[in-house]
Every structure is written in C-alpha cells, then in structure tokens.
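Residue-level structure breakdown
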Amino acid sequence: MSSNLSIRFIHPDANGRGREPLEEVLAHGTEKLAFACAFMTDAGYAIISPYLHQINKPGSFGVISIQQPT
C-alpha cells in the first residue's frame, strides 16, 4: 500500500457546501478514484456518475450501499 495516500473528507451536505468541493475532487483526480458511500441517493449518483470511468484506473474502487436508509 502506498505511504503517500491522501484522504480528504467532504462536508456531509452534498447538496449544499459539500457539492462543489466533491465535484472539484472528482473532476481533477488523475491517478485513481477511491470512495465509499452509505445510502447513495439518485442525487448522489447524478453527481458521481460522470466520473465513474475513473474506476477503471489501477488501484481505483468504489463501495456503495444502495439499501434504503434506516
């Protein structure tokens, strides 16, 4: 595992303050895409779907729960 792994937490309000920083990270990530999302909504999928092609990059992955929240 790489020792220079960088983790960035985005504000949990994806439709408010968190959406712009999240889209900035997704649009400019060049090496790989790694993310986890609990309870992804249609709105969340709409934000991330244009960037899913980055999953094909080496070391990239996504973990998503599509179950309804409790």
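Structure report, in brief. Quick caveat: nothing in here was measured; it's all calculated off a predicted structure.

1. Here's the deal with the overall build of the chain
From N to C terminus, the chain includes 2 helices and 2 strands. Ordering the α and β elements of the chain from the N terminus gives α-β-α-β. When the 70 residues of the chain are sorted by exposure, 14% land in the buried category. For the chain, the share of sequence-separated contacts (at least 6 apart) that also reach a separation of at least 24 residues comes to 61%. Accessible surface computed for the chain: about 5700 Å², of which carbon and sulfur atoms make up 56%.

2. With respect to the environment of Leu33
Tracing the chain through its elements places Leu33 in the loop between α1 (19-28) and β1 (34-37). Leu33 sits in the buried class, given a relative accessible area of 8%. Taking the C-alpha atoms as reference, Leu33 lies 8.5 Å from Leu52; in sequence the two are 19 residues apart. Setting aside residues no more than four positions away along its own chain, Leu33 makes contact with Leu26, Tyr51, Gln54, Ile55, Ser60 and Phe61.

Conventions and cut-offs
- Residues numbered from 1 in each chain as written.
- Predicted model: local features only at pLDDT ≥ 70, side-chain atom pairs only at ≥ 80, totals over all residues.
- Heavy atoms only, no water.
- Helix = DSSP H or I, 4+ residues; strand = E, 2+ residues; numbered from the N terminus.
- Buried < 20%, exposed > 50% of the residue type's maximum accessible area, 1.4 Å probe, protein only.
- Contact = heavy atoms within 4.5 Å.
- Areas by Shrake-Rupley, 256 points an atom, 1.4 Å probe, with all protein chains shown as cover.

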